[in-house]
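Overview (structure and organization)
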Amino acid sequence: MTFQRKMLYGFSLMVVPALLIGIEAIRTNVLERDALQTLGQNMSRTRTYAELETAMFNQSEIIWRYLSGLDPHARDEFRKTGEVIKYWQQRWRSELRPNEAGLANSTEEIQRRIEAVADSVFKLYDSGQHEASYRMAQRDLRDGLLPALTQLNREIYRQARESSVRGAYSRLEEIVTRERDALIAILAFAVVAGLLASLLISRGLARPISQLRVAMARVGAGEVELPIDVSSPDEIGDLARSFAQMTESLEQSRARTTGLNLELQRKISQLEKTQAQLVQSEKLASIGEMAAAVAHGIRNPLASLRAAAQVALRHPESSASREHLSLIIEEVDRLDRRVSHLLSFSKPAPFHPLRESVARLIEDLLPPFTELLRERGVTLELALAPDLPEVRVDPMQLEQALVEVVSNALDAMPQGGTLHIAADASRTASGDVDVVIEIVDTGVGIPERVLASVCEPFFTTRPEGTGLGLAIAKRYIEQNGGILDISSIATVGTTVRIRLPSVDHADATMTEREHARTGSNRS
């Protein structure tokens, strides 16, 4: 028997009790509905008799209205009411059971007597014997027939209540008793079926799986020569046979693994030599890239310097010569900035972290930019949150990074604009507190195609740029355990967001960064 068939038989035995319970529930529902329908029929008979009773009492009231002389049409109404009474009597009789026909006969007998008394009373009243007709109505109708009708009504209602309520109660009690017996039988069957299913699953599944688990544990401990006993003809047996084949293959692969390990050691030695050569090649390539950038950044200014010097040499006293001398000074200053950026980027900077206030650092670096802000018509907006947590950073490095970012923002607004600098605390997903600095300009923005490259060394979009400002800023920010993120929309502006860890959790981050930087410098 296959594993799938065993599982099917086991679950089938478990499903049968639920199916039997559902069938019993449906059967019980049908019986209860029949009982309720019978109770409804009994109530319908009671309502029919209530209509008959009302009509009979109304007919007796018509007699008294006729004797009062106030209703000349009362006699015709008495006749019509008699027809209504006959209708309800016939309908009520048709609804009664055969053993209740005597009740219908009693009501018909009282109705005939009421009609007979009414005829006599009407005749006496019509012949002028009003007092005699009134005494007859009192004696035969009010004191005789109506009390008999009231007593009959009580008996009919009593029998109706006993018939409907007791019948319904007996029927429901019978249904509940049968349902209890059926549920007990189903419960007993479910217990037996569950035991049989458990035995089937235990013998057919649990035992072979346990044996296979023990064998796998021993093979995992190193006994690859252990023979695997395969006796089950189902899928578990197939699994055991596959495992036996796997152990054989494992034993065969051990010998191959030893040879491969020796070969791997030899390849690793070759790979280490190749890696050392690649590192050396990468260093040479970086030096070549840096040399090309330096040559490109210095050659053009040198040509301009030479041309300006020649013009000043030919006409030393002219005003044009003084302009060219000013140009030479500007170019020399520009070359000095290029060399300074290059040295800052290429030489590892000393790292001295201290507890610092971000608000104080920002306020201290802004005064040198006051004149440049005024010349370019740039409006400065500061939004520094109070009670900012302190950060553990190298103040010289962080100030240099902020200077580079602010300088780039001003260069992007030659025609004026707004420079917004904000600092606020932000809680991370892990619950730590960071300080976030945002520098937003309304300049020309950065095209999306080059946004990912703006922090790469020697990348610039301005002819007079060195391509190292943002690279230095990114290095310093990351060395201080922070993150620098740039977003920009062309023609709208650029946002530079710097996130620094607060003192509470910065020490561990700084230690990791220092170890990483030391290892990088050694390599």
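Everything below is about the structure printed above this text.
I will try to describe carefully the structure that is included in this document. Residue indices begin from 1 for each chain and proceed along its sequence in written order. In keeping with the model being predicted, local features are shown solely for residues with a pLDDT of at least 70 and side-chain atom pairs are shown and tallied solely at 80 or more, while totals for entire chains, interfaces and linings include all residues. Note that the side-chain values use all heavy atoms of the structure and ignore hydrogens as well as water.

Looking at the packing of helix H9 (residues 395-411) against helix H11 (residues 469-479)
Applicable threshold: Axis lines are fitted through C-alpha atoms, for helices just across the contact stretch, and the angle between N-to-C directions can take any value from 0 to 180 degrees. We count a stretch as a helix when DSSP gives it H or I for four or more residues in a row; a strand needs E for two or more, and each element gets its number in order from the N terminus. Working rule for handedness: look at the near helix, and if it is turned counterclockwise from the far one by less than a right angle, call the crossing left-handed; if clockwise, right-handed. Residue contacts are counted whenever heavy atoms from the two residues lie within 4.5 Å of one another. Amino acids are sorted into nonpolar (Ala, Val, Leu, Ile, Met, Phe, Trp, Tyr, Cys and Pro), charged (Asp, Glu, Lys and Arg) and polar (every other residue, Gly among them).
Where H9 meets H11, the axes come as close as 8 Å, and the angle between the chain directions of the two elements is 145°. In this structure, the crossing between H9 and H11 has a hand that is left-handed. From H9, Gln397, Leu398, Gln400, Ala401, Glu404, Val405 and Asn408 reach across to H11, where they touch Gly469, Leu470, Ala473, Tyr476, Ile477 and Gln479. When its residues are assigned to classes, the contact of H9 with H11 shows 7 nonpolar, 5 polar and 1 charged.

Some details on the side chain of Glu404
What counts here: Whether a residue is buried, partly exposed or exposed follows from its accessible area with a 1.4 Å probe, protein chains only, as a fraction of its type maximum: under 20%, in between, or over 50%, in that order. For this analysis, a polar contact is any N or O atom pair within 3.5 Å, provided that within protein one partner can donate a hydrogen and the other can accept it, and provided that sequence-adjacent residues contribute only side-chain to side-chain pairs.
Within the secondary structure, Glu404 is located in helix H9. Judged by relative accessible area, which is 8%, Glu404 ranks as buried. Within the structure, the side chain of Glu404 is placed 2.7 Å from the side chain of Gln400, a separation counted as a polar contact.

Some remarks on the pairing of strand E6 (residues 483-489)
Short version of the rule: A pair of strands is treated as paired once DSSP finds two or more bridges between them.
Judged by which residues are buried, E6 turns out to be one-sided: Leu484, Ile486 and Ser488 face inward and are buried, whereas Ile483, Asp485, Ser487 and Ile489, on the alternate face, are not. Sheet topology note: the E6/strand E7 (residues 493-501) ladder contains 7 bridges and is antiparallel. Note that in E7 the partner of Leu484 across the bridge is Ile498. The hairpin turn running from E6 into E7, its antiparallel successor, is 3 residues long, and Thr491 in that turn takes a positive phi close to 70°.

A closer look at the sheet that holds E7
Strand order in the open sheet made by the 5 strands is E2-E4-E5-E7-E6, with mixed pairing throughout. Among the strands making up the open sheet, the edge pair consists of strand E2 (378-384) and E6. Between one strand axis and the next, the sheet turns through 15° on average, direction left out of account. The strands touched by H11 are E6 and E7; relative to E6, the strand with the most contacts, the crossing angle is about 140°.

Some points on the packing of aromatic side chains
Between two aromatic rings, the relevant description is the distance of the centres plus the angle of the planes. Put simply, the rule is: Ring pairs shown here join Phe, Tyr and Trp side chains whose ring centres sit within 6.5 Å, with only the six-membered ring taken for Trp; geometry is labelled stacked below 30 degrees between planes, edge-to-face above 60, and tilted in between.
Evaluation of the coordinates by the stated rule reveals 3 aromatic pairs. Measuring from centroid to centroid gives 5.1 Å for Tyr87 and Trp88, while their planes differ by 70°, and the two rings are edge-to-face. Assessed through its relative accessible area of 44%, Tyr87 is described here as partly exposed.

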